[in-house]
Amino acid sequence: MKLFFIFLFAAIAIFILMLLFNAFRAKLSSRKLTERPGHIPPEEQIKYAESLGEMIRCKTVSVPNEFEDGEFLKLREVMENLFPTLHKTAERLVFGDDCWVYKIRGKDENRNIMLMSHHDVVDVTDDWLHPGFCGEIFGNKLWGRGTIDTKTSLFAEFMALEELLREGFEPSCNIYVASSHNEEISGDGIPLALQYFKEKNITFEVVLDEGGAIISPPLPGIKSNCAMMAVHEKGRFTLVCKTTDGGGHTGLAANADTPVARLSAFITEVNTKNVFRKKLYPQVKAMFSHLSPYTPFFMTVIFSNLWCFGSVLKAVMPKVNAQAGSMVGTTCTFNEINTNKEEKSCSAKAFIRCVDHDDMVKDMEKIKKIAEKYSVELIPGKDEYFISADLKHSAFAYTKKCIEEIFPDVVAAPYILPAGTDARHLCEISPCVIRFAPIEMDNSQFASVHAKNENINIRSIADSVVFYKHYVKNYK
């Protein structure tokens, strides 16, 4: 018995030492964060903001099934005035009504990289502190729709290339800049461009689009802001769920055997039962490995030993917040419930987002069983799944390196984006699609996306220009 306890204590000691070793190793892998230099003088920052303000004042609101060119034409004229050298140098293609693709030829014309954004915005509603399309500076911030989503990154991409071209810069490879006019409504702009790229056999070593940014720490205890690079975007799957009169389950009470009651019971069971698989996907593990060195030590112990604590994190993340929970598996939202008196039917539309398509197929098997229980017909709709960026690709390492060089005070980490971007369309022609715009925002600015009082710090505009200049100039 004594020997047993000796072995037990030895095993526990080894276990604890292993946890601590991995935590110390993670801490040692961290880089020292330093103060960010003043890349651009204040007076130059104001000039950048004033130029961007001209773009913000163009009310380029995208509307489904229609296109009014007036404000989009106004923006094109502003762009030509602000960036004359780029417009003289680059080849320009237009897809659909107003999706732009600019090409700047490089020394090696067999290689390509892509910078992306979009110039359409959602409309302004509610009462703002300053008019929604004012494009004016108040309190060291530029206000107006599009300052965060995403005319700032569009401006910074163009200004970076404009300044480099004025200096006689010749890129090492072809640089494409694309901006859609209907990203906000999942329009045809970039899909049409993709069709062109595929016809011409054009591929991209890296695509850099919106989706991630420099935000407040996503984990408690981290003392610096974090540059979150979305390396994967959740897939989309729509499902119409329909019940009709007289098809109820025999075990249901008569007064509950109606299309409305059965569909309601089906939705309730899908939402409340543990239907969807949960996983710590490779992108989520990578997020923790990049962030863990900067957390308090006890958290570093947890995040650097996912082999031990992974199952706990899987269970906890959905309870932390919806965005964290969405990274560990499929999510399902029911909306658009309708009744049809003539058909005596009731239907609802389910919007399903998946991280991994194979897992979603298994999740669907569970949903089908619940549907059979309540005699609900499942009618599948559009099914889109997107390929994750290769975290071992040199372009990922390069992007992270550029972030750390221009923003030495922030921590860079990958993550999974639950929302949608135009970049998803280019996953099949690029091994490294990264959704990251180098704009810094606080929590209130983050919350202003598609909401009121959208604004951005003037310094963030200037630093974004510096980032893109550095990125393009040093890409080999």
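Everything numeric here is computed off the predicted structure, so don't read it as measured data.

Caption draft 1: Inspection of the sheet that holds strand β12 (residues 345–354) at higher detail. Spatial ordering of the open sheet is given by β11-β12-β10-β13, a layout of 4 strands whose pairing is antiparallel. A strand with exactly one partner marks an edge of an open sheet, and here the two such strands are β11 (331–340) and β13 (377–384). When strand polarity is set aside, the average angle formed by the axes of neighbouring strands in this sheet is 15°. For β11 and β12, the ladder comprises 8 bridges, and the chain directions are antiparallel. Counterpart to N338 in the pairing with β12 is S347. Strand contacts of helix α12 (residues 357–373): β10 (235–244), β12 and β13, with the helix running at about 165° to β13, the strand carrying the most contacts.

Caption draft 2: Structural context of the sheet that holds strand β4 (residues 136–138). Ordered by their spatial adjacency, 3 strands build an open sheet running β4-β5-β16, and the pairing between neighbours is antiparallel. Taken across any chain shown, the strands that pair with only one partner, and hence form the sheet edges, are β4 and β16 (455–457). Strand after strand, the sheet turns through a mean of 30° between neighbouring axes, direction not considered. Sheet analysis places β4 next to strand β5 (residues 141–143), joined by 3 bridges and oriented antiparallel. Each bridged residue has a counterpart across the sheet, and for E136 the counterpart in β5 is W143. Of the strands in this sheet, β4, β5 and β16 are in contact with helix α15 (residues 458–473), which crosses β16 at around 70°.

Caption draft 3: Main features of the packing of aromatic side chains. With the rule as written, the count across this model stands at 23 aromatic pairs. Aromatic side chains W100 and Y102 sit 6.4 Å apart centroid to centroid with 90° between the ring planes, which places their arrangement in the edge-to-face category. Here W100 matches Y102 in class, with each residue buried. A centroid spacing of 6.4 Å and a plane angle of 75° characterise the contact between W100 and F158, whose relative ring orientation is edge-to-face. Taken together, the positions of W100 in strand β2 (residues 99–104) and F158 in helix α5 (residues 151–166) put the pair 58 residues apart, joining distant regions of the chain. According to the relative accessible area criterion, F158 is buried, its value standing at 1%. Linked through ring pairs, Y398, F407, F436, F467, Y468, Y471 and Y475 together constitute an aromatic cluster.

Caption draft 4: Looking closely at helix α7 (residues 259–272). Between its terminal C-alpha atoms α7 stretches 20 Å, which fits the 20 Å expected from 14 residues at 1.5 Å a residue. Listed in full, the buried residues belonging to α7 are P259, R262, L263, F266, I267, E269 and V270. On an axial view of α7, the arc spanned by its buried residues comes to 165°, and they lie on one face. Turning to α7, the residues buried within the fold contact β10, β11, β12, α12 and β13.

Caption draft 5: Region of the structure containing the side chain of S345. Mapped onto the elements, S345 comes out in strand β12. A polar contact of 3.2 Å, which involves the side chain of S345, links it to the side chain of E343. Setting aside its immediate chain neighbours within four residues, S345 contacts K242, T243, T244, P259, N338, T339 and N340.

Caption draft 6: Summary view of the pairing of strand β14 (residues 411–417). In terms of residue burial, β14 counts as a mostly covered element, since 7 of its 7 residues are buried. Pairing of strand β9 (residues 226–233) with β14, which is carried by 7 bridges, proceeds in the parallel orientation. Across the sheet, the residue bridging to M228 is A413, located in β14.

Caption draft 7: Representation of the side chain of D422. Here D422 lies in the loop between β14 and β15 (433–435). Setting aside chain neighbours within four positions, we find D422 in contact with M116, S180, E183, I190 and D209.

Caption draft 8: Structural detail: the pattern of salt bridges. Inspection of every chain in the model, using the stated rule, returns 25 salt bridges. Between E454 and R145 there is a salt bridge; the shortest N-O distance is 2.8 Å. Here E454, found in the loop between α14 (443–447) and β16, pairs with R145, found in the loop between β5 and α5; they are 309 residues apart in sequence, far enough to count as distant. The residues E454 and R145 share a single accessibility class, namely buried. Between E269 and K273 there is a salt bridge; the shortest N-O distance is 3.3 Å. For E269, a relative accessible area of 11% translates into the label buried.

Caption draft 9: Structural view of the nonpolar core. Ranked by size, the top nonpolar core spans 95 residues in total, and within it F288 and F467 carry the most contacts. Non-local contacts of F467, meaning those with residues more than four positions away in its chain, are made with L208, C402, I403, I406, F407, F436 and P438. By size, the runner-up hydrophobic cluster in this structure holds 23 residues, among which are C346, C354, I367 and I370.

Caption draft 10: Broad picture of the environment of E405. Its location among the elements puts E405 in helix α13 (residues 394–406). Each C-alpha atom of the pair E405 and H470 lies 9.0 Å from the other, and the pair is 65 residues apart in sequence.

Caption draft 11: Geometry of unusual backbone geometry. Cis peptide bonds are those with omega within 30 degrees of zero, and the linkage from D149 to T150 qualifies with -15°. For T150, the location among the structural elements is in the loop between β5 and α5. You will see that S375, though not glycine, has its phi angle at about 55°, which is positive. For S375, the position within the fold is in the loop between α12 and β13.

So, how was this worked out
Residues numbered from 1 in each chain as written. Predicted model: local features only at pLDDT ≥ 70, side-chain atom pairs only at ≥ 80, totals over all residues. Heavy atoms only, no water. Pairing = 2+ DSSP bridges. Helix = DSSP H or I, 4+ residues; strand = E, 2+ residues; numbered from the N terminus. Axes fitted to C-alpha atoms, helices over the stretch in contact; angles between N-to-C directions. Contact = heavy atoms within 4.5 Å. Phe/Tyr/Trp six-rings, centres within 6.5 Å; stacked < 30°, edge-to-face > 60°. Buried < 20%, exposed > 50% of the residue type's maximum accessible area, 1.4 Å probe, protein only. Expected span 1.5 Å × (residues − 1). Arc of directions from axis to C-beta. Polar contact = N/O pair within 3.5 Å; in protein donor to acceptor, adjacent residues only side chain to side chain. Salt bridge = Lys/Arg side-chain N within 4 Å of Asp/Glu carboxyl O. Core = buried A, V, L, I, M, F, W, Y, C linked by side-chain atoms within 4.5 Å.

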